[in-house]
Every structure is written in structure tokens, then in C-alpha cells.
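# Coordinate analysis (summary)
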Amino acid sequence: MSKEHNITMWRLLGLLLLGALLGSVGMWGWQSLWAPAATVIPGAGKPDERQILYYRNPMGLADTSATPKKDEMGMPYIPVYADEVATTGSASVASDHERRVLYYRNPMGLADTSPVPKKDEMGMPYIPVYAEEETAVSPSTVTVSPDRIQSLGVTTELVRRGALQRTLRAVGQLAVDERRKRTIAPKFGGWIERLPVNTTGQMVAAGETLLEVYSPELIAAQQEYLLARESQTRLQLEPALAGGKRMSLSDGALQRLRFWDIPEADVQRLARHGEVRRTLSLTAPASGVVLTNNAVHGMRFEAGQALFELADLSHLWLLADLFEQDLRLVQVGQAVTIRVAAYPGETFKGRVAFIYPTLNAQTRTVPVRIELNNQAGRLKPAMYGEVQLQAMVASADALSVPESALIDSGTRQVVLVSQGKGRFVPREVEVGGHGESVSSESNESAGERRVVVLRGLQAGESVVTRANFLLDSESNLKAAFAGLVPAAVSAAQTTVPGSHSGGGH
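Described below are features of the structure shown in this document.

## Some remarks on the nonpolar core
Judged by nonpolar contacts, the single largest core of 30 residues is most densely connected at Phe188, Leu210, Leu211, Leu218, Leu257, Ile262 and Phe308. Mapped by element, the contributors of at least two residues to this core are strand S14 (209-214), helix H6 (216-235), helix H7 (249-259), helix H8 (264-273), strand S17 (279-283) and strand S20 (308-311). Sorting elements by how many residues they give to this core places H6 first, with four residues. Non-local contacts of phenylalanine 308, meaning those with residues more than four positions away in its chain, are made with Arg182, Thr183, Ile184, Leu195, Val197, Leu210, Leu211, Val290, Thr292, Asn293 and Ala295. The next biggest cluster of nonpolar side chains, apart from the first, holds 22 residues, and it includes Ile338, Tyr343, Val368 and Leu379.

Next comes the structure, spelled out in C-alpha cells:
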């Protein structure tokens, strides 16, 4: 074998050895870059000694597995090690490593728990629930940190005793006092010879002449009086009898004129002068306003025909409709404040005079009659008026809470009671009426809307008046999670963590 041939063989052998060495180095580098087991975490042991808790979905879905597997696209599930959970947990878990975690609940409030830390579909970590939060308190108790209380804006107020009043509001219409109406209807027939009062709305005073009439009946009565008086004088008849006095024929004729509402002045004039007058007057029985005028100059009227209707408007009625649930708060004699659109900014005073005994079936209201003075005549019948009536709802020893503290579900009423140290517990209560504070030690709370509490609270307890709906929602969720705790703990003890595939739904 020649020398050149030997040199060529050694060169080939060297190249083969160099290629094998480069291939080994490349394979080692590839494994260092892509093999998950080669990732070294500070403080951890060798890769083969790390404990795998479970395998999670490579796409971040809420799906775990106890054994290695691949998803639908062929991508392998990623192992989750115990040391990774310890180092990548939330800040609250790291700071509270000595607190025992019972389970982890869904951050969105869904009925899903996990015995080990995990994330939901959106990448939000599950919230730990500690043992001390679940012990020594009821399942519905909510424990909130001071920072959380401040961010929610939670405010509380003491349950206190005090009188409450309620302002009832209604709309009514002014009306004429029915007791102050007068109708002018002559008791005889005749003709209108003179008509001084001839317009609707005209003011008349008591005794003022409304009209002068001609009537054959009035002339006959006057002539009868004069004839009776002349006969009595000629025959010298005495009205006295053994049994006492009797009316003479002349006095009887004058009395008939009075019964026909002829003014006393006309009767006395007839008695003094003995002269029959062709027309006699009809006067107003009381002061008032002419509401209706059916009299026309020269017209003939029959006995009993209504010629005028008068009304005294110095006192008016206001008829207001109150709802049936408010009737227990209204009593005869209560003071009422009235406002009308004609005089903005002004108020008028009145009193409840009568509560009608009937109920309007369509509106479920009861009319209430309010009387008010109208000496100045500024108020007019048929005006609308806004009625405000202050009614006592509760006595001075009644318990009450702010109206904002009550959570009404329709079937029950609940308040959140503060137990201190950030703990709140819901409590069912029985409530009565509601109203405004009459007076209090602080002027700021006077007029505050409050609710009477009949059962469930005691004076001095503190109730939540703001953000109570947020705390109540968290309380309901906590009660639901409490029912899931045994199942979650049992799963942690008997199955591999994360074995509930597709959790979170």
C-alpha cells in the first residue's frame, strides 16, 4: 500500500470523527433549547426530581389532565410543576403562605372550584379561600379587607329609635261649599218688571234687591190685608179670647206676604200707609256671587222656578283623592298645606273636614274634603291644588334604618349587619311603614328617608347603607361555594389535581 493511500485514509477517518462530534454537540443544544424538562428554576432540584401536579392545555383553555396527552391539533399538554405553582402564585398567596387554603374559587363568581391553583379561560387566576375565613362564621358571612371596603365605598349607620313622619301628596280641585249655596225660586207666579242683578258672577250683599215682580197674587194679598184691617176697625173686633190670643184677619194677610218672602220693609210700608203697590221686591237671602242667572227682564215665571243661584265663596272646599293604603294616616282635623299654579311660591292652609265613605273602584282612591278660608277671594272654584299632608308613621320609640339599607327581593327584606373586622352578615327583617326623620341629634340626618323595623334588629347595631347590593351578591356566592367545599376537598384527596377536564363551566 503506498504512502499517499495511507494519508488519504487517515484524512477520511478524521472527517468522520469530526462529523460525529459536531452531531453530538448539535443534538445536545437542541435538547437544551426545546426540551421542557431542561428548564432549571432557582432553588429547584434536578429535572427528573421535580413533581408534576398536572398537565394543562397548551392553548390556555380551562382543561387539565392527570397524564400526558395531546390536544386536537396534536400539541402536547404542558406539565405544571409544584415549584412553578409556588413561585408563580398571586401576591396574596405568597404573603399568606402560612394560611391554609381550603380551595380556589372562580374569579368570575361561577360555581366552579379547584383544589389547586389554576386560571380560567381568560387567564385570570382562581381566588384562594382560606380556612380562617370559613371557620367561626356562618356560610353567608362576607369578610372584606379594609382596602376592598374603601374601594367599594361601603358605609354603615347605627340602628336608632325615633319618630318618623311621612308627607302625603295628592292633587285636588277647588269646589264651592255646598252649605253656602242659595237658590232664588219665588213661591208665586208673576212677571219680572225690574232686574237690578242681571249678570253671572255679579257680587250681591245680603238684603240687596235681586228683582221687582208684578203678581196678581201679591196684589190680592195686599188688598185682603187692607179689607181685613178696615173691617176690624169698623166692627171693633178684639183678637183676644178667653183662651188667649189669636191672629186677626189683617195680621194673617201680612203673614202670608212674609211667607212669600216679601221683604219686611215692604210689609211694614203697607201696614203704615195702607197703599197697594203694583210691584214688590225679592232680595238676596245671603251675600255671595251669582253662579247662574235664569232671569230675563219682562219674562213670566211660575211658582218654584229657579231664577238665580248664589254662592258664598269666602270659604271653599278642596276635594282630593288619596290612595287607599294612605287612609290610615289621615284623620279629621289634620292641617293641610295647599299650593296652586296661579300663585307659585305661595301656600294656603286648610284642614281635613270629612273623609268620604266610598272608594273609587277604578282609581282605588277615596275622596277627602278639605276646608280653607278664602276671604280675599283669590282662590277660584275649579282650580287645581297640590295637597301636602304631614302624617306620623311611627312613634319616638320605633326602630328604624335608612331606606338605602333595605334589600327587598319581593318575597323578603334583608339588611347587611356589620360585625366588625370587615365581616358582614345578611339578616332577614320585618319592616313596617317608611317616612322621614322628624328630628335627630344631627341636623344632617333630619328628613332622611327611613324604614321602620318591626323585627330582626336591635338598637345600636350597625347596618350597611351603601354598596350593600355588592356585598349581598358576594354573600350569596359564598353560601353557594360553601356547599361545594366538601366535594372540592374530597376531589383533592382522592383524585389527581386538575382531573376535572373542562372545569369552569
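There is more to say after this.
## Some thoughts on the side chain of aspartate 120
One can find aspartate 120 in the loop between strand S5 (113-114) and strand S6 (127-130). As a buried residue without a salt bridge, aspartate 120 has its nearest oppositely charged side chain in lysine 119, at a separation of 8.5 Å. Within polar-contact distance, the side chain of aspartate 120 engages the backbone nitrogen of glycine 123 at 3.0 Å. Within the local environment of aspartate 120, its side chain forms a polar contact with the backbone nitrogen of methionine 124, the two atoms lying 2.7 Å apart.

## What to know about H7
Two residues of an α-helix separated by three or four positions point the same way, owing to the 3.6 residues in each turn. For H7, the full list of buried residues reads Ser250, Ala253, Leu254 and Leu257. Looking down the long axis of H7, one finds its buried residues gathered within 95° of arc, a one-sided arrangement. Opposite the packed face of H7, turned more than 90 degrees from it, sit the exposed residues Leu249 and Phe259. Residue aspartate 261 follows H7 closely and has a positive phi angle near 65°.

## Concerning H8
Here H8 has its buried residues at Asp266, Val267 and Leu270. The arc enclosing the buried residues of H8, seen along the axis, measures out at 105°, which places them on a common side. Turned more than 90 degrees from where H8 packs its buried face, Arg272 and His273 sit exposed. Of the residues flanking the end of H8, it is glycine 274, one or two places downstream, whose phi is positive at about 65°.

Rules used in this analysis
- Residues numbered from 1 in each chain as written.
- Predicted model: local features only at pLDDT ≥ 70, side-chain atom pairs only at ≥ 80, totals over all residues.
- Heavy atoms only, no water.
- Core = buried A, V, L, I, M, F, W, Y, C linked by side-chain atoms within 4.5 Å.
- Buried < 20%, exposed > 50% of the residue type's maximum accessible area, 1.4 Å probe, protein only.
- Helix = DSSP H or I, 4+ residues; strand = E, 2+ residues; numbered from the N terminus.
- Contact = heavy atoms within 4.5 Å.
- Lys, Arg positive; Asp, Glu negative; His and termini not counted.
- Salt bridge = Lys/Arg side-chain N within 4 Å of Asp/Glu carboxyl O.
- Polar contact = N/O pair within 3.5 Å; in protein donor to acceptor, adjacent residues only side chain to side chain.
- Arc of directions from axis to C-beta.

Such coordinate-based values are descriptive only and should not be taken to indicate function.
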